Amino acid sequence: MGTGKAGGAHVRGIIVLLAALAIAWLAGGEFVAKHQPDVIYPGPGVTEVRRLSDYHPGLAGGPGDTNVYVLEGTQPGATVLVLGGTHPDEFAGFMAALILVEHAQVQQGRLIVIPQANASGFTHNLAGEGHPAYIDVETPGGLRRFRFGARATNPVHQWPDPDVYVQASGQQLSGSETRNLNRAYPGRPDGTLTEQVAYAITELIRREGAAMAFDLHEASPEYPVINTIVAHPRMMELAVMATMDLELQGIAIGLEQSPAALRGLSHREWGDYTETLAALFESANPSQGRLRGRTGAELVLEGQDPLYERAAALGRLYVPFGPEGHPLESRTGRHLSTLKAFFEMYSLLNPLDGISVSGLPGYEELLANGVGAYLQPPR
Ligand SMILES: [Zn+2]
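Here, residues in each chain are numbered from 1, in the same order as that chain's written sequence. Reporting in this predicted model follows two pLDDT cut-offs: at least 70 for local features of residues, and 80 or more for side-chain atom pairs to be given and counted; totals over whole chains, interfaces and linings ignore these cut-offs and use all residues. Based on all heavy atoms of the structure, the side-chain values leave hydrogens and waters out of the count.

J.: Can you explain the pattern of salt bridges? Please cite residues and give values.
T.: We define a salt bridge as a side-chain nitrogen of Lys or Arg found within 4 Å of a carboxyl oxygen belonging to Asp or Glu. This structure, assessed with the given rule, holds 19 salt bridges. Put simply, D65 and R51 hold a salt bridge, and the shortest N to O gap is 3.6 Å. Residue D65 is found in the loop between β1 (48-51) and β2 (67-72), and its partner R51 is found in strand β1; the two are separated by 14 residues along the sequence. For the exposure calls, accessible area comes from a 1.4 Å probe over protein chains only, and a residue counts as buried if that area is under 20% of its type's maximum, exposed if over 50%, partly exposed in between. Looking at D65, the relative accessible area reads 8%, which means it is buried. Of the residues examined, R51 reaches a relative accessible area of 34% and is grouped as partly exposed. We count a stretch as a helix when DSSP gives it H or I for four or more residues in a row; a strand needs E for two or more, and each element gets its number in order from the N terminus.

What follows is the structure, given as structure tokens:
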């Protein structure tokens, strides 16, 4: 071996190392940028902005803390909690909650909205799934950019995952579910970050005496629980009324009762551990499915996918899937119309203690104008 050959290998090694560092530096910038919070503009209805750590000081200053928007009406009535962003890659849930914060006004009662329930989950995304890092939403005053997060808490904030996640109830789940906010309820004040976030939300429901609480989700079109309301047994009567109201409006929707044996889920544990009437909604989003084709921001926004059209033709889906797909407006519109139906049915049964909210676009209105029409323009 001559020294010249060894020297060449040495130089090549340094070049490879420098190239790797350059790529890491470039990629690192993108990772760090995802920790910048999204800009949310409180709309005319917001009367107070709180933090989730107000309900569990252990979260203060950490990655699980998140804004809690209060919209209080002039007439006393029921308090209602709405969560978006439990799963930060289920974009329509986040958008529906954001429209409440930026556009809704409350006349009777009080609305409490947490648009990014799992704040840590918004700080990363599943690049391996082809998921976009950001989604641009067009408003009449220009584009608004939002982070497209991942389903679970960022492992940078909660690590390592155990082999088996033993849920507070004793139920055993796969280790990665330990970072799933919707398996963490009712939460533990001294538990993992995800369990502490769950605990703070349960505490909020208890302390604020929320009469109803809603958790907005999306799932893939091949998942059986889709375009569906999942309601706690005590919520079923209202849910049946809301379902009938939606069907009368031409919005087909399913209804299921929270299974007793599946623990850690919002609708089940909020209903068991507090007095609230709890429900979760699922809209159909092809960007989450296994059958999808090309994946990117367009798929999240437009919800159109020829492979899902084929799957629908083969009878493999639980929702219709035509060329129009399931665009963001339609999915967000379903969430808002379902919330509206619950508000109205609750107020019908409790006229002196109801909840009355204005400024929520109807389903057809959202389809016509787009989600951005009901968000604040960028400043
Ligand atoms: Zn979900």
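Having seen the model, we can carry on.
J.: How would you sum up the coordination of the zinc ion? Please name residues and give values.
T.: For the zinc ion, the full set of protein donor atoms is H87 (ND1), E90 (OE), E90 (OE) and H217 (ND1), at a range of 2.0 to 2.4 Å. Only nitrogen, oxygen and sulfur atoms count as donors, using a 2.8 Å cut-off from the metal that widens to 3.2 Å for Na, K and Ca. Water is left out, so coordination shells may look unfilled. A four-donor site is called tetrahedral if each angle lies between 85 and 135 degrees; a four-donor site is square planar, and a six-donor site octahedral, when trans pairs exceed 155 degrees and the remaining angles lie between 65 and 115; all other cases are labelled irregular. The coordination sphere of the zinc ion comprises four donor atoms, whose angles at the metal cover 58 to 150°; the geometry is irregular. Mapped onto the sequence, the residues coordinating the zinc ion show the spacing H-x2-E-x126-H. Linking H87 in the loop between β3 (75-83) and α2 (91-103) with H217 in strand β9 (residues 212-219), this pair joins segments that are 130 residues apart in sequence. Exposure remark for H87: the relative accessible area of 3% places this residue in the buried category. Taking relative accessible area as the criterion, H217 reaches 1% and is therefore assigned buried.

J.: Account for helix α5 (residues 266-273), naming residues and giving values.
T.: Of all eight residues in α5, six are buried; the element is thus mostly enclosed. Within α5, burial applies to S266, H267, R268, E269, W270 and G271. Buried residues in α5 make contact with β3, α3 (193-208), β9, β10 (228-231) and β12 (277-284). A contact between two residues is defined here by any heavy atoms of the two lying within 4.5 Å.

J.: Give a description of the packing of aromatic side chains that names residues and reports values.
T.: Pairing of aromatic rings covers Phe, Tyr and Trp, the last counted by its six-membered ring, and requires centre-to-centre distances within 6.5 Å; plane angles under 30 degrees mean stacked, over 60 mean edge-to-face, and any other angle means tilted. Counting across every chain of the model gives 10 aromatic pairs. Aromatic pair F91 and F148: ring centres 6.2 Å apart, planes at 45°, arrangement tilted. Within this pair, whereas F91 is found in helix α2, its partner F148 is found in the loop between β6 (142-147) and β7 (164-166), the two being separated by 57 residues in sequence. Residue F91 is classed as buried on the basis of its relative accessible area of 0%. Judged by its relative accessible area of 0%, F148 is buried. By way of ring pairs, the aromatic residues F91, F94, F122, F146 and F148 are connected into one cluster. For a lysine, the NZ atom is tested; for an arginine, the CZ atom; a charge sits over a ring if that atom is within 6 Å of the ring centre and within 35 degrees of the ring normal. Over the face of the ring belonging to Y134 we find K34, whose NZ or CZ atom lies 5.3 Å from the ring centre.

J.: Talk me through the nonpolar core; I want residue IDs and the actual numbers.
T.: Among buried residues, the Ala, Val, Leu, Ile, Met, Phe, Trp, Tyr and Cys ones that are joined through side-chain atoms within 4.5 Å form a nonpolar core. In terms of nonpolar packing, the biggest core is built from 60 residues, with F91, M95, L111, M212, F214, F342 and F343 touching the most fellow members. Among the elements that line this core, the one with the most residues is α2, at 10 residues. Once residues lying within four places of it in the same chain are set aside, the contact partners of F342 are M212, F214, I229, M235, L238, A239, A242, A279 and F281.

J.: Mind laying out a nonpolar patch on the surface, listing which residues take part and the relevant values?
T.: Note on patches: the residues involved have over 30% relative accessible area and no salt bridge, like charges join within 9 Å, and the nonpolar side chains Val, Leu, Ile, Met, Phe, Trp and Tyr join within 5 Å. For the accessible areas, the method is Shrake-Rupley and the probe is 1.4 Å, while residue cover comes only from the protein chains on display. The grouping of I14, L17, L18 and L21 at the surface amounts to a nonpolar patch, some 400 Å² of accessible area in total. Along the chain, the position of L17 falls in helix α1 (residues 3-33).

J.: Break down the domain arrangement of the chain for me, citing the residues and quoting the values.
T.: Domain segmentation is taken from an automatic or database assignment of domains. Looking at the assigned domains, one finds that the chain contains domain 1 (9-38) and domain 2 (41-374). Relative placement of domain 1 and domain 2: their C-alpha centres are 35 Å apart. The interface of domain 1 with domain 2 comprises seven residues on the first partner and 14 residues on the second. Two parts placed together each lose some accessible area; with a 1.4 Å probe, that loss summed over both constitutes the buried area. The contact between domain 1 and domain 2 buries some 700 Å² in all, and 41% of this surface belongs to carbon and sulfur atoms. Run the count over domain 1 and domain 2 and you get one salt bridge. The partner of D38 in a salt bridge is R147, and the shortest N-O contact between them spans 2.9 Å. Under the scheme applied, nonpolar residues are Ala, Val, Leu, Ile, Met, Phe, Trp, Tyr, Cys and Pro; charged residues are Asp, Glu, Lys and Arg; polar residues are all the others, including Gly. When grouped by side-chain class, the residues that make up the side of domain 1 that touches domain 2 number three nonpolar, two polar and two charged.

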